[in-house]
Amino acid sequence: MISKDLHAGWTVRAVGGDVPAVVAGRALPATVPGTVHVDLLATGELPDPYLGVHESDWAWFHRSAWRYETDLAEPAAEPGERVDLVFEGLDTVATVTIDGTEVASTRNMHRTYRIDVRELLTGANRLTVRFDSALEHAEKVEAQLGRRPRAYPHPVNAVRKMACSFGWDWGPDLQTAGIWRPVRVQRWRTARLAAVRPLASLDGSTGRLAVHVDVERSGLEEAGELLVEARLPALGVAGTVRLAPGATAAVVLLEVPGAPVWWPVGYGEQPLVDLQVHLSAGDRDLDSRALRTAFRSVAIDTAPDEHGSRFTLLVNGVPVFVRGVNWIPEDHLLTRLTRDDYAAALDRALGANVNLLRVWGGGVFESDDFYDLADEKGLLVWQDFLLACAAYAEEEPLRSEFLAEVRDNVVRLSPHPSLVVWNGGNENVWGHEDWGWKEDLAGATWGAGYYDELFPSLLAELDPSRPYSPGSPANPGVPASELHPNDPDHGTHHQWEVWNREDYTHHLDAVPRFCSEFGWQAPPTWATLTRALAPEDLRKDSPAFLLHQKAEDGNGKLDRGLAHHFEVPQDFADWHWATQLNQARATSFAVEHLRSWSPRTMGSVLWQINDCWPVTSWSVVDGDGRLKPAWYALRAAHAPRLVTLQPREGRLRLVLVNDTAQEWVADALVRRVDASGEVLASEWIGVRVAARGTAVQAVPVLDGALGGTDLFVADVGGLRSVFSPVEDKDLPVAADALEADARAVEGGYEVRVRARSLARDVAVLADRVAPDAEVDDMLVTLLPGEEHVFRVNSRAAVDPAEFTGPLVLRTSAVVSA
Ligand code: BMA
């Protein structure tokens, strides 16, 4: 097999639609892999759609058509030789031609395509790929199959293109087109490895690897017996299987006694194992594949218990409390993302003590880099199939597309130890139950056949090594007709009422078994916001701000959510800080509640870790990769050892969660203080929490806490939890509680603060001073006389005093004046 990338020499030009004059008739250099948006931006003649109101300036694109072209200088095929054109991803409605002869027509960006082109090659061919409007295609399919319910205006459920490509409640409506993943020419003879699917498991200390191999025979020559060899060179283990003439599938079983065991972060190491697979015929090497995998087992315990039914992830037989986050595309223009971008994004997740990323169904099956890095870092991955917030027709032309894309991606992702859950989709089973779809559908198909039949049967064939859930939320194994799919006592649960209608304190109303979505909004950091918006647009009601706030009544919900706890500030900069602080509070509140109930609750998956552009959203890291205050709150709430004060049956309790393998023995200091921070009562108690255990402790000083007006502070081994029964707006904390000074140090600045009186949630919003500045900690609560030093990393040369200015050094007294 000779494989060559075909990434050079491409041009792209508009061939349909109402395109701007600056690009009409022009052949532009095209980056492959890439998308037309990125090439158009590279001309510098069109505005960046992420800035100001320019997203709207790109709406013309949705009904345009484009032609990519390059020379295909491939010598004619020799007798017996196959020459294939392999596209790993075409976004989306594409027609591939060679010298004007159509060789493929595609409608699915999530699939790969292999085209046998041997008969057309002359050594000097012209290869073109035309992209037509995915929107117009979807409209036609919808007209043909009948309109089905969907949460967004465009018919995203009628074409196999990333759903959020058409806009989402945090994402722009920029419908990309292009050769978005690698394209190759492959020349081969006799046979090739069509699919290699290693499925790992662990049986006691013995690792087993079933290497499933599918072979494609060229069909051009008499091929006799083939030999498949699979080797784990570092472990000195190998196996072979002979394929009789005509046979196309084989399994090589490898057994490794005392195998190195892969664990998620916080549970052990991540030893990865190189796997080499060779295909040969006699003494001829035909094809080979180098992959990396690891030994581990995974299951989900869904057994009934006294509270309902569990949803507990088991890795190597050990229950893992999921400290997870939902992941969306890291850049709406996906093809700009590099391995370094993924590494940085995954490090921000790890930094927030995250152990699982849920790749959400409105996005994509991520790049290989994403899963490789997750394998290396010990981040678990839960992968949705790509269906979100809509009913999906089960008829053609969609059905076979689902089948093909799931096949392709289950095979591609099968080696990755990080991948631990296959999930049918996002909120589709729930939507069908609760969002009025049944009436609209009037008996039409909506996807049940995918979630309950097609996906499970494909997984039974291709990957029985991983658990499957029909959706999020869902109750695996129980039909929605018997049990509400979002029942918190069973399976997975999405908690959106607190954001949409109630208040984050209403998280206390339920103890879900596994909360796979909940979240709270805030704008991006100041540096990101001011990169995207002009100074005159820094108002809640400016058209530009509103274009970067996509949620239904988003600002209304932000303000109502804020008003429960704080005076809603009039000044925009103060409002910006207040909403960020409220998001941080909401984040800690939810995560601490969920963790405090472990092991009854075994998962907390925050919506959402990241953004795909600068926007007000539920993310804790903004679209430019800057950390919002809520990231620091998440990091603290996710700390392996957590101290929290939680109401239980009308009383306040000290709850200690020990998500480590060692027993936790410590002394806790619990104090009652007034609004100035003066200590009114205090008590030391010894605590002992089993490894991976939770202790709920009554402490006399907490008696009467819930009805009163005093605050409570619990300190255990450097960790602090603060509880106030009174809302901040009714708490007379001093606005001038802090004394501060700052100085330049190697690599940045130090900001030293000292509390004169109680100072809650002290933050240095360092990005306001220098866009590259990142602070090591945030949301620190200080009692009178206590000091804290914040470290700001920055290369910028600024006056250190700026870090102590009223818009930068903040506390829970949210007004800066
Ligand atoms: C859920 C998610 C997303 C959405 C989020 C916020 O519905 O699955 O579709 O962005 O809530 O509304």
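Residues numbered from 1 in each chain as written. Predicted model: local features only at pLDDT ≥ 70, side-chain atom pairs only at ≥ 80, totals over all residues. Heavy atoms only, no water.

1. Describing the overall build of the protein
Reasoning step 1: A tally of helices and strands in the protein yields 15 helices and 46 strands.
Reasoning step 2: For a compact globule of 817 residues, the expected C-alpha radius of gyration is about 28 Å, and the protein comes in at 28 Å, within 12% of that figure.
Reasoning step 3: In terms of overall dimensions, the protein has a C-alpha envelope of 90 × 65 × 60 Å along the principal axes.
Reasoning step 4: Relative to its 817 residues, the protein shows a buried fraction of 60%.
Reasoning step 5: For the protein, the share of sequence-separated contacts (at least 6 apart) that also reach a separation of at least 24 residues comes to 70%.
Reasoning step 6: For the protein, the exposed surface amounts to about 29300 Å²; the carbon and sulfur share of it is 49%. (Helix = DSSP H or I, 4+ residues; strand = E, 2+ residues; numbered from the N terminus. Rg over C-alpha atoms; globule rule 2.2 N^0.38 Å. Buried < 20%, exposed > 50% of the residue type's maximum accessible area, 1.4 Å probe, protein only. Contact = heavy atoms within 4.5 Å. Areas by Shrake-Rupley, 256 points an atom, 1.4 Å probe, with all protein chains shown as cover.)

2. Side note on the site of the ligand
Reasoning step 1: Inspection of the region around the ligand gives Trp-168, Asp-169, Trp-170, Trp-360, Cys-389, Asn-426, Glu-427, Trp-496, Glu-517, Trp-607 and Trp-618 as its neighbouring residues.
Reasoning step 2: A distance of 3.2 Å separates an oxygen atom of the ligand from a polar atom in the side chain of Trp-360.
Reasoning step 3: Between Glu-517 and the ligand, the recorded distance is 2.8 Å, taken from a side-chain N or O atom to an oxygen atom.
Reasoning step 4: Protein coverage of the free-state accessible area of the ligand, which is 300 Å², stands at 91%. (Near = heavy atom within 4 Å. Polar contact = N/O pair within 3.5 Å; in protein donor to acceptor, adjacent residues only side chain to side chain.)

3. Some thoughts on the sheet that holds strand S24 (residues 318–320)
Reasoning step 1: Spatially, three strands are ordered S20-S23-S24 in an open sheet, and the strand pairing comes out antiparallel. The sheet is open, and its two borders are formed by strand S20 (298–301) and S24, each paired with just one other strand. Neighbour-to-neighbour, the strand axes of the sheet open up by a mean angle of 40°, direction not taken into account.
Reasoning step 2: Pairing analysis gives four bridges linking S20 to strand S23 (residues 312–315), with the strands arranged antiparallel. By the bridge assignment, Ile-300 is partnered in S23 with Leu-313. (Pairing = 2+ DSSP bridges. Axes fitted to C-alpha atoms, helices over the stretch in contact; angles between N-to-C directions.)

4. Structural notes on the packing of helix H6 (residues 399–413) against helix H9 (residues 448–462)
Reasoning step 1: Running from N to C, H6 and H9 point in directions that differ by 35°, and their axes come no closer than 11 Å. Of the two elements, H6 crosses H9, and the hand of that crossing is right-handed. Here H6 contributes Arg-399, Phe-402, Leu-403, Val-406, Arg-407 and Val-410 to the contact with H9, which in turn contributes Tyr-450, Leu-454, Phe-455, Leu-458, Leu-459, Glu-461 and Leu-462.
Reasoning step 2: Of the residues contributing to the contact of H6 with H9, the split by class is 10 nonpolar, no polar and three charged. (Left-handed = near helix turned anticlockwise from the far one by under 90°. Nonpolar A, V, L, I, M, F, W, Y, C, P; charged D, E, K, R; others polar.)

5. Observations concerning helix H15 (residues 629–637)
Reasoning step 1: Along H15, seven of the nine residues are buried, which leaves the element largely enclosed by surrounding structure.
Reasoning step 2: Three or more residues of H15 are buried, namely Pro-629, Ala-630, Trp-631, Tyr-632, Ala-633, Leu-634 and Ala-637.
Reasoning step 3: Buried positions along H15 lie against strand S25 (322–327), helix H4 (339–351), helix H14 (572–596), strand S32 (603–606), strand S33 (641–648) and strand S43 (774–775).

6. Some points on the packing of aromatic side chains
Reasoning step 1: Here the structure, examined in full by the defined rule, presents 41 aromatic pairs.
Reasoning step 2: Relative to Trp-613, the ring of Tyr-50 has its centre 6.0 Å away and its plane inclined at 70°; by these criteria the two rings are edge-to-face. Placement of the pair is Tyr-50 in the loop between helix H1 (36–42) and helix H2 (54–57) and Trp-613 in the loop between S32 and H15, with a sequence separation of 563 residues. Take Tyr-50 and Trp-613: they sit in the same class, and that class is buried.
Reasoning step 3: With a centroid separation of 5.9 Å and an interplanar angle of 80°, the aromatic rings of Trp-499 and Trp-618 are classed as edge-to-face. With a gap of 119 residues between them, Trp-499 in helix H10 (residues 497–500) and Trp-618 in the loop between S32 and H15 connect regions that are remote in the sequence. Each member of the pair, Trp-499 as well as Trp-618, carries the same accessibility label: buried.
Reasoning step 4: Among the aromatic residues, those joined into a cluster by ring pairs are Phe-365, Phe-385, Tyr-392, Phe-402, Trp-422, Trp-446, Tyr-450, Tyr-451 and Phe-455.
Reasoning step 5: Above the plane of the ring of Trp-597 lies Arg-600, whose end atom (NZ or CZ) is 5.5 Å from the centre. (Phe/Tyr/Trp six-rings, centres within 6.5 Å; stacked < 30°, edge-to-face > 60°. Lys NZ or Arg CZ within 6 Å of the ring centre and 35° of its normal.)

7. Description of the sheet that holds strand S41 (residues 748–755)
Reasoning step 1: The strand order across the open sheet formed by four strands is S40-S41-S45-S43, and the pairing between neighbours is antiparallel. Bordering the open sheet on either side are strand S40 (738–745) and S43, each of which pairs with just one other strand.

8. Brief notes about the pattern of salt bridges
Reasoning step 1: In total, this model carries 65 salt bridges according to the counting rule given.
Reasoning step 2: Note that Arg-292 and Glu-376 form a salt bridge whose closest N and O atoms lie 3.0 Å from each other. Taken together, the residues Arg-292 in strand S19 (residues 284–293) and Glu-376 in helix H5 (residues 368–377) connect sequence positions 84 residues apart.
Reasoning step 3: Judged by its relative accessible area of 34%, Glu-376 falls in the partly exposed class.
Reasoning step 4: With a shortest N-O distance of 2.7 Å, Asp-624 and Arg-531 are connected by a salt bridge. With Asp-624 in the loop between S32 and H15 and Arg-531 in helix H11 (residues 526–532), this pair connects stretches of sequence that are 93 residues apart.
Reasoning step 5: Judged by its relative accessible area of 40%, Arg-531 falls in the partly exposed class.
Reasoning step 6: Within this structure, Arg-82, Asp-84, Arg-114, Asp-116, Arg-192 and Glu-216 form a network of salt bridges that share partners. (Salt bridge = Lys/Arg side-chain N within 4 Å of Asp/Glu carboxyl O.)

9. Things to note about H5
Reasoning step 1: Listed as buried for H5 are Phe-370, Tyr-371, Leu-373, Ala-374, Asp-375 and Lys-377.
Reasoning step 2: Where H5 is buried, its residues touch S19, S25, H4, strand S26 (356–359), strand S27 (380–384) and H6.
Reasoning step 3: Among the residues trailing H5, Gly-378 stands out with phi positive, at a value near 75°.

10. Overview of the environment of Gly-650
Reasoning step 1: The topology assignment puts Gly-650 in the loop between S33 and strand S34 (651–658).
Reasoning step 2: For Gly-650 and Gln-383, which are 267 residues apart along the polypeptide, the C-alpha to C-alpha distance reads 39 Å.

11. Let's talk about the side chain of Arg-150
Reasoning step 1: Mapped onto the fold, Arg-150 is located in the loop between helix H3 (134–145) and strand S10 (166–168).
Reasoning step 2: At 2.5 Å, the side chain of Arg-150 forms a polar contact with the backbone oxygen of Pro-153.
Reasoning step 3: Apart from the residues lying within four places of it in its own chain, the contact partners of Arg-150 are Glu-142, Pro-155, Val-156, Asn-157, Cys-389 and Ala-390.

12. A word on the environment of Asp-57
Reasoning step 1: Its place among the elements puts Asp-57 in helix H2.
Reasoning step 2: Residues Asp-57 and Leu-46, spaced 11 residues apart in sequence, show a C-alpha to C-alpha distance of 9.0 Å.

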